[in-house]
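Read off the chains here:
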Amino acid sequence: MGGTKVALRLEHDDLSIREASFRWAEPDGTDAMTSGGATRDLELLARHIGELCDPGRLTGVGVALPATLDATGTVTAWPGRPGWAGVDLWGALSALFGEAEVRCADDGDLAALAEAHVAGCPDLLYLGVGTGIGGGIVLNGKPVPGVGRGSCEVGHLIVDRDGPLCDCGRRGCVQAAASGPATLRRAARRRGEEVAFTVLRQAVRDGKQWAVAALRESGRALATAVAGVCELVHPSLVLIGGGFAAAMPELVAMVAERTTALERPGHPLPPVRPATLGGLSSLHGAVLLARGLPD
């Protein structure tokens, strides 16, 4: 479940698979800021799930989402869907799915778990670069700090104490410095006019100095975050995914180059590579969660 889109995947024991996706309805006025918007969203979610399967026949459900939940399963914060604050998500999903076990976790944590599973790598750092920056850490095959024990907020590592304002209220988070929108804003300042994503994409391919420099600065911020995390947990592999990164393959190379430059003598940092699952990492992680992993 994302801020603008929901992806669904149904896996049967006979290995058959069905997938579907939909976008949340556009908010009407201030409705997105109230519980009315969340009620409409949940009705839409229930309808699409009902079109995909019989919710009452499922044996397990995994949910990946960027919202923050408290211990009771109530949404405490979701910047992308502010009307969800205070919603009893656990109760709503339990009512929808009946006796099926429902497990929820942070989308970045689950994306990391899925990427580690595909890569066959038990110790991994994943960064998802898109509208925001999410990510997760997997150690010994399990997400850190662990399902039900909070999320790994890699996107809110501070990489520049005097940096741009983040939507969390602090300055210098890697999300504020290196997300897709942050990169576009930096490119616009360098070019002197607004820059659309497609324009930036082509300008980077053409080697335009303003575009390459804007993207390289995002790469430097991401590499700073990578180096800091790796000094603490020592993963054997770093993967960069997310929609923005997938569409800008030059970014991963820039992060890899800068990460190497940040190595201390005698302390090499792990290789930095593109993620395998692209924009579907968290969806596959949700399926793993439904199947009982990482227990």
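In the block above lies the structure referred to throughout.
Residues numbered from 1 in each chain as written. Predicted model: local features only at pLDDT ≥ 70, side-chain atom pairs only at ≥ 80, totals over all residues. Heavy atoms only, no water.

### Points about the nonpolar core
Here is the rule: Think of a nonpolar core as a cluster: buried Ala, Val, Leu, Ile, Met, Phe, Trp, Tyr and Cys residues, connected wherever their side-chain atoms sit within 4.5 Å. Burial here depends on accessible area, computed with a 1.4 Å probe over protein chains only, as a share of the maximum for the residue type. Under 20% is buried, over 50% is exposed, and the range in between is partly exposed. For the purposes of this entry, the term helix denotes a DSSP run of H or I that reaches at least four residues, the term strand denotes a run of E that reaches at least two, and both are numbered from the N terminus. By definition, residues are in contact when any of their heavy atoms lie within 4.5 Å.
Membership of the largest hydrophobic core comes to 41 residues, with the highest contact counts inside it found for Leu-125, Val-129, Leu-200, Leu-222, Ile-240, Leu-251 and Val-255. Residue contributions to this core peak at 13 residues, all from helix α7 (residues 209-233). Beyond its immediate chain neighbours, meaning those up to four positions away, Leu-200 contacts Thr-183, Leu-184, Ala-187, Val-195, Trp-210, Ala-211, Phe-244 and Met-248. Within the second largest apolar cluster, 26 residues are counted, among which are Val-6, Trp-78, Leu-93 and Phe-97.

### Describing the packing of α7 against helix α9 (residues 249-261)
Selection criterion: Inter-axis angles, ranging from 0 to 180 degrees, are taken between N-to-C directions of lines fitted to C-alpha atoms, where helices are fitted over the stretch in contact. Angle categories are assigned with fixed cut-offs, so that under 35 degrees is roughly parallel, over 145 is roughly antiparallel, 65 to 115 is roughly perpendicular, and the rest are oblique. Here a crossing is taken to be left-handed if its near helix is turned anticlockwise relative to the far helix by less than a right angle, and right-handed if that turn runs clockwise. Charged means Asp, Glu, Lys or Arg here, nonpolar means Ala, Val, Leu, Ile, Met, Phe, Trp, Tyr, Cys or Pro, and polar covers whatever is left, Gly included.
Axis separation between α7 and α9 bottoms out at 8 Å; the angle between their running directions is 50°. One element, α7, and the other, α9, form an angle in the oblique class. In this structure, the crossing between α7 and α9 has a hand that is right-handed. Across the interface between the two elements, Val-212, Leu-215, Arg-216, Ser-218, Gly-219, Arg-220, Leu-222, Ala-223 and Val-226 from α7 touch Glu-250, Leu-251, Met-254, Val-255, Glu-257, Arg-258 and Thr-259 from α9. Grouping the amino acids of the contact of α7 with α9 by side-chain chemistry returns 8 nonpolar, 3 polar and 5 charged.

### Quick word on the side chain of Glu-115
Here is the rule we go by: Counted as positive: Lys and Arg. Counted as negative: Asp and Glu, with His and the chain ends omitted from the count. Basic side-chain nitrogens of Lys or Arg form a salt bridge, by our definition, when they fall within 4 Å of a carboxyl oxygen of Asp or Glu. Polar contacts, as used here, are pairs of N or O atoms within 3.5 Å; protein pairs need one atom able to donate a hydrogen and one able to accept it. Residues neighboring in sequence count only if both atoms are side-chain atoms.
If you trace the backbone, Glu-115 turns up in helix α3 (residues 107-119). The buried charged residue Glu-115 lacks any salt bridge partner; its closest oppositely charged side chain belongs to Arg-273, at an N-O distance of 11 Å. Side-chain polar atoms of Glu-115 contact the backbone nitrogen of Thr-276, separated by 3.0 Å.

### Focus: the sheet that holds strand β10 (residues 237-241)
What counts here: At least two bridges found by DSSP between two strands are what make those strands a pair.
The 5 strands are arranged β9-β8-β7-β10-β11 in an open sheet whose pairing can be described as mixed. Strand pairing shows two members of the sheet lacking a second neighbour, β9 (142-144) and β11 (272-274), which therefore form its edges. The sheet shows a mean angle of 30° between the axes of neighbouring strands, direction not considered. Pairing of strand β8 (residues 133-139) with β9 involves 3 bridges; the strand directions are antiparallel. Paired with Leu-139 across the two strands is Lys-142, which belongs to β9. Sitting on the sheet, α3 is in contact with β7 (124-129), β8, β9 and β10, with an inclination near 50° to β8. The strands touched by α9 within the sheet are β7, β10 and β11, with β11 carrying the most contacts at an inclination of about 175°.

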